[in-house]
Amino acid sequence: MNQTKLTKNRISKKAASFTESVIREMSRVAAKYDAVNLGQGFPDFPAPFDIKEKAMEAIAGDHNQYAITWGVKSFRDAIAEKTKWFLNLDVDPETEITVTCGSTEGMIAGMMATVDAGEEVIVFEPFYENYAPDAILSDAKPVHVPLYQTETGWHFEKDELRNAFNENTKAIIICNPNNPTGKVFTREELEFIAELCREFDVICFTDEIYEHIIYKGIRDAGEMTRDNPKHLSMAQIDGMNDRTVVINSLSKTYSVTGWRVGYVIAPPDITSAIRKVHDFLTVGAANPLQHAGAYALSLPEKYYRELQKEYQSKRDFIVPVLQKNGFKCEMPQGAYYVMTDISDFGFANDVEFTKFLIQEIGVAVVPGSSFYHDKSLGAQKVRFCFCKKDETLQAAAERLQNLTKKI
Ligand code: GLN
């Protein structure tokens, strides 16, 4: 037998320092045990027919070669137009937009384009799990600021945030509406963050992929009203337009998570750096799907109102089911997740509990620890998603009734 001589580490220190995505792993485990998958956040209902039709037409119409690296022109124009009516922001499609392979690539390309080795990036915790490997891959030093779960939602302490900023801080990442907590940052909170960004000359990466999923009746949400839940972007805050990188995507708003089409809106100097990184990482996002994206972003306001209504009713169904079955949680204000406290079930940790829930009850979730850098902080939490058909949520509800009986 040939013996290969191994004298070097074949795996880079960077790659060795993080694990595979727990969120995506949960989808594979759910399939193995035939569990109802309330883990990974993707819809199990069909994408809108007209959007799919536009994609099919684009393929038939031979938009099948590379698109312009930073995005099909009609798609960038549609992004600029929608940003104007939805956020009242003027964005130049020629110099301020980069189309990426999902918001995932948008975030990593954005960080690689702006952050130098050792520079600090502030991340609220719990955080969407991608941000940790993003920091490692871009050589950033993550600095975590806790979000605390209270009866009025998730909050940060102003002093703690202020203390996290220093001369070496390059950027802060926010996800608003937030995955995994469902928090919607108030105008006052955004203004406080903005003030610090200006004082310390810091860039704000704002992941806004859930911008259309905000619920009515949220408590303290700045200018949003009960009947008109409306997104407030960091880019709209005074003095932030020229230091904000907005990450967005078709995935959640149009229920096409598998298309991998995202976009980044940033000032021209940052955009031109992002475009270079993006070019050599991926060359570009799928051409025909960007054509369909141009159509999707031109949909009338009614589309978004209906999407909001759908998710509102799913949230209002599933959260009381979870509360009734022993999970401690509040109604999320936005996005389609609910982070729950499982301490009443008496399990050693979230991973053990998740295994039990998948194998014995038949419902898959994401262990809370995957949203924390210090795993012990999430050891008594699990995240449910509810971007699923009503019958899927119903099936989960039925299975969850067995929970207390089986423990
Ligand atoms: N954003 C979704 C989640 O948090 C899906 C993540 C992914 O796998 N890309 O579940």
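Residues numbered from 1 in each chain as written. Predicted model: local features only at pLDDT ≥ 70, side-chain atom pairs only at ≥ 80, totals over all residues.

Student: Please clarify how the overall build of the protein should be interpreted in this entry.
Tutor: What the protein contains, in helices and strands, is 14 helices and 14 strands. Compactness check: the protein gives a C-alpha radius of gyration of 21 Å against a globular reference of 22 Å for 407 residues, within 12% of the reference. Overall, the C-alpha framework of the protein stretches about 60 × 60 × 60 Å when taken along its three principal axes. The burial tally for the protein puts 48% of its 407 residues in the buried class. In the protein, of all internal contacts separated by at least 6 residues, the share reaching a separation of at least 24 is 72%. (Helix = DSSP H or I, 4+ residues; strand = E, 2+ residues; numbered from the N terminus. Rg over C-alpha atoms; globule rule 2.2 N^0.38 Å. Buried ≥ 20, exposed ≤ 12 C-beta atoms within 10 Å, placed from the backbone. Contact = placed C-beta atoms within 7 Å.)

Student: Honestly, the sheet that holds strand 11 (residues 337–341) in this entry has me stumped. Any pointers?
Tutor: Backbone hydrogen bonds hold the strands of a sheet together, and the pairing may be parallel or antiparallel. Taking strand neighbours across the sheet as the criterion, the 3 strands line up as 11-14-13 in an open arrangement whose pairing is antiparallel. Only two strands of the sheet have a single neighbouring strand rather than two, namely strand 11 and strand 13 (366–367). Both strand 13 and strand 14 (residues 381–385) contribute to a ladder of 2 bridges, which runs antiparallel. From the neighbouring strand, Pro367 faces strand 14, where its bridge partner is Val382. Of the strands in this sheet, strand 13 and strand 14 are in contact with helix 12 (residues 350–361), which crosses strand 14 at around 45°. (Pairing = 2+ DSSP bridges. Axes fitted to C-alpha atoms, helices over the stretch in contact; angles between N-to-C directions.)

Student: Where do I start with unusual backbone geometry in this structure?
Tutor: Note on backbone geometry: most residues besides glycine have negative phi, and most peptide bonds are trans. The omega torsion of the bond from Glu125 to Pro126 falls at 10°, within 30 degrees of zero and hence cis. Tracing the chain through its elements places Pro126 in the loop between strand 3 (120–125) and helix 6 (131–137). Each neighbour pair has its own omega, and for Asn176 with Pro177 the value is -10°, a cis peptide bond. Relative to the assigned elements, Pro177 resides in the loop between strand 7 (169–175) and helix 8 (187–199). With a phi close to 55°, Asp201 is a non-glycine residue in the positive phi region. Residue position: Asp201 is located in the loop between helix 8 and strand 8 (203–207). With 10 C-beta atoms packed within 10 Å, Asp201 lands in the exposed category.

Student: Looking at this model, I keep getting lost on the pairing of strand 14. Mind explaining?
Tutor: Consecutive residues of a regular strand have side chains that alternate between opposite faces of the sheet. Here strand 14 lies mainly inside the structure; 5 of its 5 residues are buried. In strand 14, alternate side chains face the same way, and those of Lys381, Arg383 and Cys385 on one face and Val382 and Phe384 on the other are all buried.

Student: Help me understand helix 3 (residues 49–60) in this model?
Tutor: Given a rise of 1.5 Å per residue, 12 residues ought to cover 16 Å, and the 16 Å separating the end C-alpha atoms of helix 3 matches this to within 8%. Inspection of helix 3 places Ile51, Ala55 and Ala58 among the buried residues, and these make up the whole buried set. Down the axis of helix 3, the buried set is contained in an arc of 60°. They therefore lie on one face. Exposed residues on helix 3 whose side chains face more than 90 degrees from its buried face are Phe49, Asp50, Glu53, Met56 and Ala60. On its buried side, helix 3 packs onto helix 10 (287–296). One or two positions beyond helix 3, positive phi appears at Asp62, with a value near 65°. (Expected span 1.5 Å × (residues − 1). Arc of directions from axis to C-beta.)

Student: Hey, could you run me through the sheet that holds strand 8 in this one?
Tutor: Read across the open sheet, the 7 strands follow the order 2-10-9-8-7-3-4; overall the sheet is mixed. Single-partner strands in this sheet number two, and they are strand 2 (97–100) and strand 4 (141–146). The average angle at which neighbouring strand axes cross in this sheet is 20°, direction not considered.

Student: Would you mind showing me how to read helix 4 (residues 73–87) here?
Tutor: Residues spaced three or four apart along an α-helix point in a common direction, a consequence of the helix completing one turn every 3.6 residues. Compared with an ideal rise of 1.5 Å per residue, which puts 15 residues at 21 Å, helix 4 spans 21 Å between its outermost C-alpha atoms and is within 8% of the ideal. When we look at burial in helix 4, the residues that qualify are Phe75, Arg76, Ala78, Ile79 and Thr83. Down the axis, helix 4 shows its buried residues gathered within 155° of arc, on one side only. Among the exposed residues of helix 4, those pointing more than 90 degrees away from its buried face are Lys84 and Trp85. Contacts from the buried residues of helix 4 go to strand 2, strand 10 (262–265) and helix 10. Asn88, located one to two residues past helix 4, shows a positive phi value of around 55°.

Student: Looking at this structure, I do not really get the packing of helix 11 (residues 301–324) against helix 13 (residues 390–400). What am I missing?
Tutor: How two helices pack is summed up by the angle between their axes together with the distance between the axes. Two elements in contact, helix 11 and helix 13, have axes separated by 10 Å at closest approach and are oriented at 5°. In terms of orientation, helix 11 lies roughly parallel with respect to helix 13. From helix 11, Lys314, Phe317, Ile318 and Val321 reach across to helix 13, where they touch Leu393, Ala397 and Leu400. Residue composition of the contact of helix 11 with helix 13, grouped by class: 6 nonpolar, no polar and 1 charged. (Parallel < 35°, antiparallel > 145°, perpendicular 65-115°, else oblique. Nonpolar A, V, L, I, M, F, W, Y, C, P; charged D, E, K, R; others polar.)

Student: For this particular structure, what's the right way to read the environment of Ile11?
Tutor: With respect to the helices and strands, the residue Ile11 is situated in the segment before helix 1 (13–16). Placed 39 residues apart in sequence, Ile11 and Asp50 show a C-alpha to C-alpha distance of 45 Å.

Student: Where do I start with the packing of helix 5 (residues 102–114) against helix 9 (residues 268–282) in this structure?
Tutor: Taken N-terminus to C-terminus, the directions of helix 5 and helix 9 make an angle of 120°; their axes are 8 Å apart at the nearest point. As helix 5 runs across helix 9, the sense of the crossing is right-handed. Listed contacts from helix 9 to Glu105, Ala109, Gly110, Met112, Ala113 and Thr114 of helix 5 are Ile270, Ala273, Ile274, Val277, His278, Leu281 and Thr282. Of the residues in the contact of helix 5 with helix 9, the class split is 8 nonpolar, 4 polar and 1 charged. (Left-handed = near helix turned anticlockwise from the far one by under 90°.)

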